[in-house]
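Chain by chain, the residues:
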Amino acid sequence: MNAAPADQIRLLDVQTLDARLQQLAHKRRSLPEHAEIESLTKDLAQVRDLLVAAQTEESDCSREQTKAEQDVDQVRQRANRDQQRLDSGSVTSPKDLENLQREITSLAKRQGDLEDVVLEIMERRESAQERVAELTGRVSSVQSRIDDATSRRDAAFEEFDGETATLTKEREVVSASVPADLLKLYDKLREQQGGVGAARLYQRRCEGCRLELNITEVNEVKKAAPDAVLRCENCRRILVRTSESGL
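Residues numbered from 1 in each chain as written. Predicted model: local features only at pLDDT ≥ 70, side-chain atom pairs only at ≥ 80, totals over all residues. Heavy atoms only, no water.

**Here's the deal with the pattern of salt bridges**
Here is step 1: Scanning all chains against the criterion turns up 28 salt bridges.
Here is step 2: For Arg10, the salt bridge identified is with Asp7, shortest N-O distance 2.1 Å. Taken together, the residues span about one helical turn, with Arg10 and Asp7 both in helix 1 (residues 5–29) at a distance of 3 residues.
Here is step 3: Residue Arg10 is classed as partly exposed on the basis of its relative accessible area of 27%.
Here is step 4: Exposure remark for Asp7: the relative accessible area of 13% places this residue in the buried category.
Here is step 5: Between Asp73 and Arg76 there is a salt bridge, and its shortest N-O distance comes to 3.6 Å. One end of the pair is Asp73 and the other is Arg76, both in helix 2 (residues 32–88) and 3 residues apart, which spans about a single turn.
Here is step 6: Judged by relative accessible area, Asp73 falls into the partly exposed class, the value being 31%.
Here is step 7: Judged by relative accessible area, which is 32%, Arg76 ranks as partly exposed. (Salt bridge = Lys/Arg side-chain N within 4 Å of Asp/Glu carboxyl O. Helix = DSSP H or I, 4+ residues; strand = E, 2+ residues; numbered from the N terminus. Buried < 20%, exposed > 50% of the residue type's maximum accessible area, 1.4 Å probe, protein only.)

Next up, the structure:
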């Protein structure tokens, strides 16, 4: 393949732009905010799970408390009725009076036991409520940190994307001046060679693979026509000659 020396030089300009675009894409993918957001998102999911568990416990305690208080109220009402019967004098039989007094005593003990249950449930509910408040605060804190990291990431994205758009347009302009067959070869090699399809020959060294040409290769390059498209014998990239090639 042949191409004017000036066209080959412009290919190096394309390569420089592609290298910069590749660097920008790598930086975009490697932003520390990505790992930060991922880690914080995992933390948030864990804290939310704990919050749901605490809310469930608080809700269960609320139902238990309501039921226990209803039980206390039922016993209290029954004890009040028995006390009213006792106080009214309507019960005259000694045996019935004894049974009624025994029941009042039993109900009082039952009421006391149930009130203790209510107090125990209230303590558990209060603890659950405190846990809910704490975890709600933690959820808010972690979410705030996620929002901050996301904002920083998006700001970096905007900067990278703006520069990428500018370089992409510049590449379109420069590459349009490179012969189509040469550009096609370059793009193919760039894909195969990790993003570098053309390299400058500098002081007899290929800047693609960083290896110095041996004497035989140097002589072949010297004999080649100026418009000949050369390839590095080591890495097979397009080898572009310049005034600094050391020939």
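Right, picking up where we left off after that structure.
**Digging into the pairing of strand 4 (residues 238–241)**
Here is step 1: Residues of strand 4 alternate between two faces, with Ile238 and Val240 on one and Leu239 and Arg241 on the opposite face, all of them buried.
Here is step 2: Of the strand pairs in this sheet, strand 1 (residues 198–202) and strand 4 are connected by 4 bridges, and their pairing is parallel. Each bridged residue has a counterpart across the sheet, and for Ala199 the counterpart in strand 4 is Leu239.
Here is step 3: Strand direction decides the pairing type here: strand 3 (residues 230–231) and strand 4, joined by 2 bridges, are antiparallel. Residue pairing across strands places Leu230 opposite Leu239, the latter belonging to strand 4.
Here is step 4: Where strand 3 hands over to strand 4, the hairpin turn is made up of 6 residues, of which Arg236 adopts a positive phi near 70°. (Pairing = 2+ DSSP bridges.)

**Details of unusual backbone geometry**
Here is step 1: The backbone phi angle of Arg204 is positive, close to 65°, even though this residue is not glycine.
Here is step 2: Counting through the fold element by element, Arg204 comes out in the loop between strand 1 and strand 2 (205–206).
Here is step 3: Here Arg236, not a glycine, exhibits a phi torsion of approximately 70°, which is positive.
Here is step 4: Take Arg236: it is sitting in the loop between strand 3 and strand 4.

**Topic: the packing of aromatic side chains**
Here is step 1: In this structure the tally under the stated criterion is 0 aromatic pairs.
Here is step 2: One Lys or Arg, Arg28, reaches over the ring of Phe157 and ends 3.6 Å from the middle of that ring. (Phe/Tyr/Trp six-rings, centres within 6.5 Å; stacked < 30°, edge-to-face > 60°. Lys NZ or Arg CZ within 6 Å of the ring centre and 35° of its normal.)

**Topic: the pairing of strand 1**
Here is step 1: Pairing analysis gives 2 bridges linking strand 1 to strand 2, with the strands arranged antiparallel. From the neighbouring strand, Leu201 faces strand 2, where its bridge partner is Cys206.
Here is step 2: Where strand 1 hands over to strand 2, the hairpin turn is made up of 2 residues, of which Gln203 adopts a positive phi near 50°.

Take it as geometry only, folks, not as evidence of what the structure does.
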